[in-house]
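# Observations on the three-dimensional arrangement
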Amino acid sequence: MEPMLHKGWETVIGLEVHVQLQTRSKMFCGCSTSFGDPPNTNVCPVCLGLPGALPVPNAEAIRLAARGALALGLTVHPTSVFARKNYFYPDLPKGYQISQFDQPLATDGRVVFESPERGRVEVTIQRLHVEEDAGKSLHDRIPGKTAVDLNRAGVPLAEIVSGPDLRSPAEARAYLTTLRQILLYAGVSDCSMEQGSLRVDANLSVRRPGAPLGTKTEVKNMNSFANVERALEAERERQIALLEAGERVQQVTLLFHAPSGAVRPQRSKEESHDYRYFPDPDLPPLVLDAAWIAAREAELPELPEAKRERLMSAYGLPAYDARVLADEPPVAAYFEAIVAAGAEPKAAANWVMGDAMTAYNETGRFAVTPARLAELIVLVRDGVVSHQAAKRVYGELAAAGQGGAEPPLAVAERLGLVQVKDEGALAGWVDEVLAAHPAEVARFRGGETKLMGFFVGQVMKRSQGKADPKGVQPVLVAKLNGGS
Amino acid sequence: MSIGRDEVLRVAKLAELAVAEPEVDRLVEQMNRIVDYVAQLDRVPLGADAPPFLAGPGTVTLREDVVRPVPLARGPAEMAPEFAEGLFLVPRRGGAAMAAEAGSEVPEDDVPMDDPSEEAP
Amino acid sequence: MSGETVAPFTELARETGRRLRGADEAGLNAALHWSQPVLDAEAARAEALAAASAAPLPLAGLAVALKDNIVSVEEPTTCGSRILEGYVSPYDATVVARLRAAGALAAVKANMDEFAMGSSTEHSAYGRVRNPLDPDRVPGGSSGGSAALVAAGVVPAALGSETGGSVRQPASFCGIVGVKPSYGRVSRWGLVAFGSSLDCISPFGRTVEDAARVLAAISGHDPLDSTTVDLPPLQAPAPLADLRGVRIGLPREYLPADLDAGVRAAFERAVGCLRALGAEIVDVSLPHSPLAVPTYYIIAPAEAAANLARFDGVRYGPRRIGPEGDVRSLYRATRGEGFGPEVRRRILVGTYVLSAGYYDAYYKKAQRVRAMIAEDFRRAFERVDLLFTPTTPTTAFRAGEKTEDPVSMYLADIFVSPASLAGLPAMSQPIGRSEGLPVGGQLIAPMYQEARMLAAAGALERVVPATEEAR
C-alpha cells in the first residue's frame, strides 16, 4: 500500500493511554477512589508512603485489567511481576511507583478501527500493565508553592501501549474513540478525560516514504480527543518545518497549550531517565491460572464490532444505524428491548436515534420504557395514530417519565389524536374544504389534478391531523369527480 | 571496574543526596572498595537462566475491593513539615520542570517556555 | 521469667522503669524512647486484658522492648536516624498489636544502627550502644539496643529485626538467644523497610523458651503483608530430652582456618555436647555460602535505595532546604543531612547497582547467586535435619575497630547472611565464653521448621556450659 503522506512526509504515531480501573478502593490499600473529596482525606499509611506500610493488590483491579486486556485481544500472562519505577517527585509518596516492567500482565493484542483516511486499520497493542497513579500537584493554588493532594495516589490504572501504527492525527483520534468504546463496553473504566480517568501521551515522528523511523517526541497535556488531534497536527507541522529547514528533531517532551493550539517543548532533556526498575520485593509474582483467565474471557460482554455486525445481520439495519446504536451498550440494549417488545426494527432504530437519543444525551437515561415505545411504534404501524401525532404522544410519555402509567393509546385518545377512518366524518371535512375553495375545485375539474395534494392537506388541517390520510383521498376523489 | 567522581556525583543526583565537596573523594574511595568487593560475584559461573529467587510465598494474595483504610491516629496535618488548606506544600521553584520529567499533570499556564527556573539545578 | 507474672503488671512496669533508668545511668544507651506513663498505661491495658481473658495470656505482663524501626503510636520511631527525628507513627505495627494481645508491655524503643545498617550499633544518630558485658566493646548490630537491654536484664525479651543477621550476631556478642524465623513467618507491616526481601522481625530472649514464646505470639499470616505465609500458628515447642536420631550437619565453609581460636574451642565443645545428646554429626558443604556477604551487599542496598526514597521531607519528618530554595534542594538537603554516612553509602551503592547499564552485572547476578546459596541449603537438608555453625567469626569487637573500613564491618556477618538470603529460620544461642566474652552457636533449619530448631536448641541449652570459658 502506498504510504499516506502529508506534504511529502509520512507521520508515525504511537499512543500510551492510561485508564483508571473502576474499583471502589485503591490499587494497594483500602482507601476510597471517589473523585472530588476534600484533599488528603482518602489516605492511609500505604498511599501516604509512611514508614513500615506495605502494598496488597486489589483483586478487582486485576480482574478489570484482565478484562480490558482480553477485550483488546491481548494475551494475559499466567505470571506477571510488579516492579518499582524509581523517581522523585512531590506527589509520588514512596519515591517509586509500583508498576509492571519486563513481565507485564498482558502483551500482543490488536484493535481494528475505522480510519478516516485508510478505512479499516489494525493497530497492534504492545502491552497492557497495571500500576498505581501518583497524587496531584497543584502549581497555582498557593503562591510560590506546589501543593500536593494524595487522594489520587494509589488509584489503579491500566497503561495501554499501542505500536507505532497510526499514520495521522485524525487516525489517532479515531483509534482513541474505538479504544474508549471497547473499554466502556468491557466495563473496565468510565474513561472520563474530564475526571482524569483516561489520559493520553502521544509519540510522533515523521519520515520520508521508505526512510527509517525519524526521531520521535512525546506530546502530553491533552484534555480531550479533539485536542489530541490538534496537538499532533501542531507537532507534525513543527517537525516537518524543522526537517525542511535542514534542522534535526530533538527527542523532547512537549506540552500542548490548548488556548493557542501550540505544542511547547518543555526543555531539552539534560539526561535520559534512569528509573532503575526492579521487581518489587514487597509483592510476590501475580499468578493467574488458565481457568481464571478463561473465566474472564467468558464473562466479557459482546464487543462493539460484534454488536454492529449482529445488529445488521439480525435486524437488517443499515451500517449507519448499527454504528449509531452500538456506540454505547445501553443504547443498543434499549433498541433491542423495543424490538423484543414487538416493534419493527427499522422503525425502532429511527425512534431510538431520534427523539429517544435526545433525552439520553441530556440525562444519560431513556425517558420512555421500551415496552411503551414499542406500543407506540405499533400504533403508528397500524395507522391508529399518524407519525406526526405519535411524536406528540411520545412527548407526553416522556414528560410522565418511565414511571408513567398511561399507555400510548390512552394518551392518543385523551389528546384526540387517534386517526379517524369513519367515512361519514371524513366526508364532512371534505365537504367543508370543497365549499371553502370553489376556485380550486373548478381548476381541478378543469384537469389540474395535481391539486389533489392541496385538498388532502386542507382536510388534514381542518381535522387537526386526526383524519386518516389513506381514507381521505378516496372520499375526495369521489366528491370531486361526482360533481355537485 | 573503577568508579570515578563523575559516577559518584551522577548516582548521588539520582538518589537526591547532597554530597559535600570535601566528602566526595572519600566516597569515591569507599564506593570503589565496596564495588570491588562485591565484584567477586563476576567469577561465579552461572547455569541456565532461572527465575528469580523468592524466599516467601510464590504467589501474591489479592485483597477484596472493599473500602477499609487502615486508620490514622494522627492525620497528615499533624505529620507534615508544611501543610495548608488540606495540602502538603513544597517550594514551587523547579517544580514545573520536574513535573514534566516525571510525567505528572501540569497546568499548561505553569510551564512558560523561557522560565529559567525550569532548568534543573 | 516465671514468677515475675505473679506481681501486678503495674509493679512490673515500675520495675522496668527502674531498670531502664539504671541502664541509662550506666551509659548503656540502649533505650531510645520510653516513659513511665506510657509503660504504666501499657501495664493497665495488659492487666485489663488479662482480667477479661478466660485463658492465661501467653506473655502476660512481659515487657518486650521494640527495635526503633518497629512503629507504634505511643512512642517515636526514628530508626536511629536524624531523618525521622521526632516522628511518631500514626499506626501500630502488626507485631505490636500481637504482643499486646498476648498480654505483653510493648512500650520501650531500643537503639539501633541507623535504618538497621550496621553490625555494631555504632551507626546510630543517637550514639553508640555499649555491650553490657564490656562497655568498650560493641553489642553487635544492627539490633544492638534490643540485645543490650535483654543482656543487661532490663527486659526479659525484645524484638529486633534481621536483614542479614542483625539479631543473631548481636545475640552472639551479648550472650543471649536470638531467633530469626523463616521469611514470611512474621508480618513486616509496621517494620520500617530496609531490604524487603530479607527483613524479618526476630525476637531476643535470655533463654530459648523466652524467645520461642515471643516468636509464637508474633508469628502468623497477616493480610496487610503480601509476603507472609498462611501456615498454622507457630507453637513454642518443649525442649527435646535428647537428640537421638537427629542429624546435624557442620558446613565446613563455616569453619575457616582463620576462625578465632576461642570461638573454635567453644564451638567444638558445643559439638561435643550435641554428640553427647545423641545427635549424629555430619560433615556437609555449602559451597556458595562464602559468596553470601557480597551478594547481600548488592541486594540489600538496592532494595534499601528504593525503600529509603520515601524519606524526602515532603509528608513527615524534619525538612531542610538547600540554598537554591527549590524542591530538589529540599530533597538533597533533607536526605543529605538527615542520613548518616553508612546509610548514604548504601543508598549510593544501591542506586549504582540498579542504574542503567549495571543492573544485569550486579543486581541480576546477585539474584542468581542468591538462588545458588539457597540451593546449597536445600541439598544439605536432604541429608541432615539441622545445621550448626559458629554465629560469628570473632567475639564482640572493640568500638571503633571496624568503623573505618565498611567491608571489614560487613565480614562480621559472614556466617549469618547465608540463611538470611535463603530465607531460612536460624538462631544463635550462647555456647561458651572466650576471654570473658560470649560465643554464639548458630542452628539453621529448613524452611518453616522453627519448631524443630527451637526444640534442639532447648536440649543444647540445658547441657552446654554457656557462661564458661572454652579452651
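Residues numbered from 1 in each chain as written. Chains lettered and ligands numbered in written order. Predicted model: local features only at pLDDT ≥ 70, side-chain atom pairs only at ≥ 80, totals over all residues.

### Details of the overall build of chain C
Secondary structure summary: chain C contains 14 helices and 11 strands in total. The C-alpha radius of gyration of chain C comes to 21 Å, within 12% of the 23 Å expected for a compact globule of 471 residues. When its C-alpha atoms are laid out on the principal axes, chain C stretches across 70 × 60 × 45 Å. Of the contacts formed within chain C by residues at least 6 apart in sequence, a portion of 76% connects residues at least 24 apart. (Helix = DSSP H or I, 4+ residues; strand = E, 2+ residues; numbered from the N terminus. Rg over C-alpha atoms; globule rule 2.2 N^0.38 Å. Contact = placed C-beta atoms within 7 Å.)

### Quick word on the overall build of chain A
Counting its secondary structure elements, chain A contains 15 helices and 17 strands. Relative to a compact globule of 484 residues, whose C-alpha radius of gyration would be 23 Å, chain A shows 31 Å and is clearly more extended. Based on the C-alpha atoms only, the size of chain A along its principal axes is roughly 100 × 55 × 50 Å. When the 484 residues of chain A are sorted by exposure, 46% land in the buried category. Within chain A, contacts between residues at least 6 apart in sequence are counted, and of these 69% link residues at least 24 apart. (Buried ≥ 20, exposed ≤ 12 C-beta atoms within 10 Å, placed from the backbone.)

### Digging into the interface of chain A and chain C
At the interface, 26 residues of chain A touch 32 residues of chain C. Of all the secondary structure elements, the ones that give two or more residues to the side of chain A that touches chain C are strand E5 (82–86) and strand E10 (145–149) of chain A. When the residues that make up the side of chain A that touches chain C are grouped by side-chain class, the tally is 16 nonpolar, five polar and five charged. (Nonpolar A, V, L, I, M, F, W, Y, C, P; charged D, E, K, R; others polar.)

### Focus on helix H3 (residues 225–244) of chain A
Residue and element names in this part refer to chain A. Here H3 contains 20 residues, and its C-alpha end-to-end distance of 29 Å stays within 8% of the 28 Å for a straight helix at 1.5 Å per residue. Regarding H3, the residues found buried are Val 228, Glu 229, Ala 231, Leu 232, Ala 234, Glu 235, Arg 236 and Gln 239. Trailing H3 by a residue or two, Gly 246 shows a phi angle of about 80°, which is positive. (Expected span 1.5 Å × (residues − 1).)

### Points about the sheet that holds strand E16 (residues 278–279) of chain A
Paired through their backbone hydrogen bonds, the strands of a sheet run either parallel or antiparallel. All names here are of chain A. Reading across from one edge, E6-E5-E16 is the order of the three strands in this open sheet, with antiparallel pairing throughout. Every other strand in the sheet has two partners, leaving strand E6 (96–100) and E16 as the edge strands with one partner each. By the bridge criterion, two bridges tie E5 to E16 in an arrangement that is antiparallel. Looking at the pairing, Ala 83 lines up with Pro 279 of E16. (Pairing = 2+ DSSP bridges.)

### What to know about the packing of helix H1 (residues 9–25) of chain C against helix H2 (residues 36–52) of chain C
To characterise two packed helices, one gives the angle between the axes of the helices and the distance between these axes. Residues and elements named next belong to chain C. Two elements in contact, H1 and H2, have axes separated by 8 Å at closest approach and are oriented at 155°. Between H1 and H2, the angle falls in the class roughly antiparallel. Here H1 and H2 pass one another in a crossing that is right-handed. Mapping the contact onto sequence places Phe 9, Thr 10, Leu 12, Ala 13, Thr 16 and Gly 17 in H1 and Gln 36, Leu 39, Asp 40, Glu 42, Ala 43, Ala 44, Ala 46 and Glu 47 in H2. Along the lines of polarity and charge, the residues of the contact of H1 with H2 split into seven nonpolar, four polar and three charged. (Axes fitted to C-alpha atoms, helices over the stretch in contact; angles between N-to-C directions. Parallel < 35°, antiparallel > 145°, perpendicular 65-115°, else oblique. Left-handed = near helix turned anticlockwise from the far one by under 90°.)

### Notes on the interface of chain C and chain B
Reports of interface size often rely on the accessible area that becomes lost once the parts have come together. In this assembly, 56 residues from chain C lie in contact with 46 residues from chain B. Contributions of two or more residues to the side of chain C that touches chain B are made by helix H8 (292–307), helix H9 (327–338), helix H10 (341–354), helix H11 (360–380) and helix H12 (406–410) of chain C.

### Some words on the pairing of strand E4 (residues 157–162) of chain C
Residues and elements named next belong to chain C. Extensive coverage of E4 is indicated by the burial of six of its six residues. Burial along E4 is two-sided: Ala 157, Leu 159 and Ser 161 facing one way and Ala 158, Gly 160 and Glu 162 facing the other are all buried. Relative to E4, strand E2 (residues 64–67) runs parallel, the two sharing three bridges. Residue pairing in the sheet places Ala 65 in a bridge with Ala 158 of E4. Where E4 lies against strand E6 (residues 200–205), six bridges are found, and the strand directions are antiparallel. Paired with Glu 162 across the strands is Cys 200, a residue of E6.

### Observations regarding the environment of Pro 318 of chain C
By secondary structure assignment, the location of Pro 318 of chain C is in the loop between H8 and H9. Look at Pro 318 of chain C and you get partly exposed, because 15 C-beta atoms sit within 10 Å. Sequence separation of Pro 318 of chain C and Thr 334 of chain C is 16 residues, and the distance between their C-alpha atoms is 7.4 Å. What Pro 318 of chain C contacts, discounting residues up to four positions off in sequence, is Pro 81 of chain B together with Glu 85, Gly 86 and Gly 338 of chain C.

### Some details on the sheet that holds strand E1 (residues 83–84) of chain B
Taking strand neighbours across the sheet as the criterion, the four strands line up as E9(A)-E10(A)-E2(B)-E1(B) in an open arrangement whose pairing is antiparallel. Because the sheet does not close on itself, it has two edges, and the strands there are strand E9 (136–138) of chain A together with E1 of chain B. Relative to strand E2 (residues 87–91) of chain B, E1 of chain B runs antiparallel, the two being bridged by two bridges. Looking across to E2 of chain B, one finds that Ala 84 of chain B is bridged to Leu 87 of chain B.

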